[in-house]
Amino acid sequence: MSLTTAPAVITEPASTTRISLRIIDPAAVGAGLGLAFPTKIGARTVAGARSVLCLGPDEWLVQAPEREGEAMTEALAAIGTTLPLSAVDISDREITLALSGPAVLDLLAIGCPRDLAQLPVGSGCRTLFDTVQVVLTREAPDRFHLTVWRSFAPHLQALLDIALRELATGL
Amino acid sequence: MLLIRCPYCEQDLPELEFAYAGEAHIARPQDPSSVSDEEWRDFLFIRSNPRGVHVERWRHVNGCARFFNAARETVSDRFLATYKAGEPRPDIASLSGEAR
Ligand SMILES: [Zn+2]
């Protein structure tokens, strides 16, 4: 089966820096990081290789290339001297899978209770996948990134592999 | 699937993302050592458990992670309203009228 005819494919993008931020002043922190922090839950801003997703009223997930991790931590430490904030490096806690293809919504529907067809491209959400908490972002109409705790990844991957085989056989 | 409106996410989302967290608007006594045993028992254990509209806490644990309050009709399992933590309870009479 070639990739061009596959209903969906799963790949693992290059590892990234992930920082879980709990803050009360997103505008000030955003200015310090050169990122406009969205305040609507689920909204996401992308600036170059960095992105920030609003997960809750005071919670954001910042992602950046792996090599920018140290600079990011230093910038946040500097902001933390004047503003109360909690920044936790969760880069290694989680793993991101890229799911794409014409049947990507069917693939996600095997485990996710949300109506993901309604999730706008460029936004994201924290939700469930078969009892496991995940963060989904919609990168394109037929491409999602699924971020999950590393220890749950084998379970999810096994489920997704079964679903891929079912989709490929037309079930 | 039962959909619950999260007042923080401002969306109707699947029940699986939420966790129930007991009756709402139960304030812990400011000074526990000054209340009687009966008052302390009531605070800890005695709940209204109505047949009808129940005001209760929920947490959008697999989402924005916030606690909020909801008024739910316990017979039909219909959610009449959800509102943010800290906001006053809605007018139950008008809500239960709506439920009929
Ligand atoms: Zn929510």
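Residues numbered from 1 in each chain as written. Chains lettered and ligands numbered in written order. Predicted model: local features only at pLDDT ≥ 70, side-chain atom pairs only at ≥ 80, totals over all residues. Heavy atoms only, no water.

Q: How would you sum up the sheet that holds strand β6 (residues 78-84) of chain B? Please name residues and give values.
A: For sheets, the rule is that strands pair by backbone hydrogen bonds, running either parallel or antiparallel. All names here are of chain B. The four strands are arranged β3-β4-β5-β6 in an open sheet whose pairing can be described as antiparallel. Edge strands, defined here as strands with exactly one partner in the open sheet, are β3 (19-23) and β6. With direction set aside, neighbouring strand axes in the sheet form an average angle of 35 degrees. Of the pairings in the sheet, the one linking strand β5 (residues 67-73) to β6 comprises six bridges and is antiparallel in character. Within β6, the residue paired with Phe68 across the bridge is Lys84. (Pairing = 2+ DSSP bridges. Helix = DSSP H or I, 4+ residues; strand = E, 2+ residues; numbered from the N terminus. Axes fitted to C-alpha atoms, helices over the stretch in contact; angles between N-to-C directions.)

Q: Tell me about the sheet that holds strand β2 (residues 16-23) of chain A, and please be specific about residues and values.
A: All names here are of chain A. Sheet architecture is open: five strands sit in the order β3-β4-β5-β2-β6, paired in antiparallel fashion. Looking along the sheet, the strands with just one partner apiece sit at the ends: β3 (44-47) and β6 (85-89). Each neighbouring strand pair of the sheet contributes to a mean axis angle of 20 degrees, computed without reference to strand direction. Relative to β2, helix α1 (residues 26-33) is tilted by about 150 degrees, and along the sheet it contacts β2, β4 (50-56), β5 (59-65) and β6. Helix α2 (residues 69-79) contacts β2, β4, β5 and β6 of the sheet and is inclined by roughly 15 degrees relative to β2. (Contact = heavy atoms within 4.5 Å.)

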